[in-house]
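Okay, here's what each chain looks like letter by letter:
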Amino acid sequence: NHSPRLCLLLYEGAVSASFALGEAEYVIRYAEQVIMNVRFEDTLEVQQFVLKSLTQSGKIEECISKGIDILSHLDFDIPLSPTTESVIEKMNSADSILSQY
């Protein structure tokens, strides 16, 4: 049955198109449908558009909170008092994790 995959692709397209049109409200609305109905790993495509839309809408604190939540789902912990070395280590780790998607 190709229906769930087709539905996911259609919603991803709607999110992408809404972002291109600057329609942050629709980006979030369509992305939420994906986020609520598929495995977390399958939401990463739309999650990036949500973060970008929040940033463009000036919702920086919400964007940061959402970004931290996404990273925690990827088993990426953010230290409370980072050192320069720990930041570089985490950035390299994030690059490695995200390159899988």
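Residues numbered from 1 in each chain as written. Predicted model: local features only at pLDDT ≥ 70, side-chain atom pairs only at ≥ 80, totals over all residues. Heavy atoms only, no water.

Peer 1: Any chance you could break down the confidence of the model for the protein chain for me, citing the residues and the numbers?
Peer 2: On average, residues of the protein chain score 90 in pLDDT, and 98% of them are at 70 or above. The secondary-structure element of the protein chain with the lowest mean pLDDT is helix α5 (residues 84-98), recorded at 83, while helix α2 (residues 24-37) shows the highest, at 96. (pLDDT = per-residue confidence, 0-100. Helix = DSSP H or I, 4+ residues; strand = E, 2+ residues; numbered from the N terminus.)

Peer 1: Now, about the pattern of salt bridges: what can you tell me, with residues and values included?
Peer 2: Counted according to the given criterion, the structure contains three salt bridges. A salt bridge links Glu-41 to Arg-39; its shortest N-O distance comes to 4.0 Å. Assessed through its relative accessible area of 53%, Arg-39 is described here as exposed. Arg-39 is the partner of Asp-42 in a salt bridge, and the nearest nitrogen-oxygen pair spans 3.3 Å. For Asp-42, a relative accessible area of 27% puts it in the partly exposed group. Residues joined by salt bridges that share partners form a network here, namely Arg-39, Glu-41 and Asp-42. (Salt bridge = Lys/Arg side-chain N within 4 Å of Asp/Glu carboxyl O. Buried < 20%, exposed > 50% of the residue type's maximum accessible area, 1.4 Å probe, protein only.)

Peer 1: A description of the packing of aromatic side chains should follow, citing residues and the corresponding values.
Peer 2: One pass over the structure, following the stated rule, counts three aromatic pairs. Geometrically, the ring pair formed by Tyr-11 and Tyr-30 is edge-to-face, given 6.1 Å between the ring centres and 65° between the ring planes. Here Tyr-11 is found in helix α1 (residues 3-20), whereas its partner Tyr-30 is found in helix α2, with 19 residues between them in sequence. Residue Tyr-30 is classed as partly exposed on the basis of its relative accessible area of 27%. (Phe/Tyr/Trp six-rings, centres within 6.5 Å; stacked < 30°, edge-to-face > 60°.)

Peer 1: Account for a nonpolar patch on the surface, naming residues and giving values.
Peer 2: Together, Ile-60, Ile-64, Ile-68 and Ile-78 give the surface a local cluster of nonpolar side chains, amounting to about 350 Å² of exposed area. Here Ile-78 is to be found in the loop between α4 (60-73) and α5. (Patch = residues over 30% accessible without salt bridge, like charges linked within 9 Å, V, L, I, M, F, W, Y side chains within 5 Å. Areas by Shrake-Rupley, 256 points an atom, 1.4 Å probe, with all protein chains shown as cover.)

Peer 1: Go over helix α3 (residues 44-56), please, and point to the residues and values.
Peer 2: The end-to-end C-alpha distance of α3, which contains 13 residues, comes to 19 Å, matching closely the 18 Å that a straight helix rising 1.5 Å per residue would cover. Of the positions making up α3, those classed as buried are Leu-44, Val-46, Gln-47, Phe-49, Val-50, Ser-53 and Leu-54. Considering only its buried residues, α3 is in contact with α1, α2 and α4. Backbone geometry just downstream of α3 places Gly-58 in the positive-phi region, at approximately 80°. (Expected span 1.5 Å × (residues − 1). Contact = heavy atoms within 4.5 Å.)

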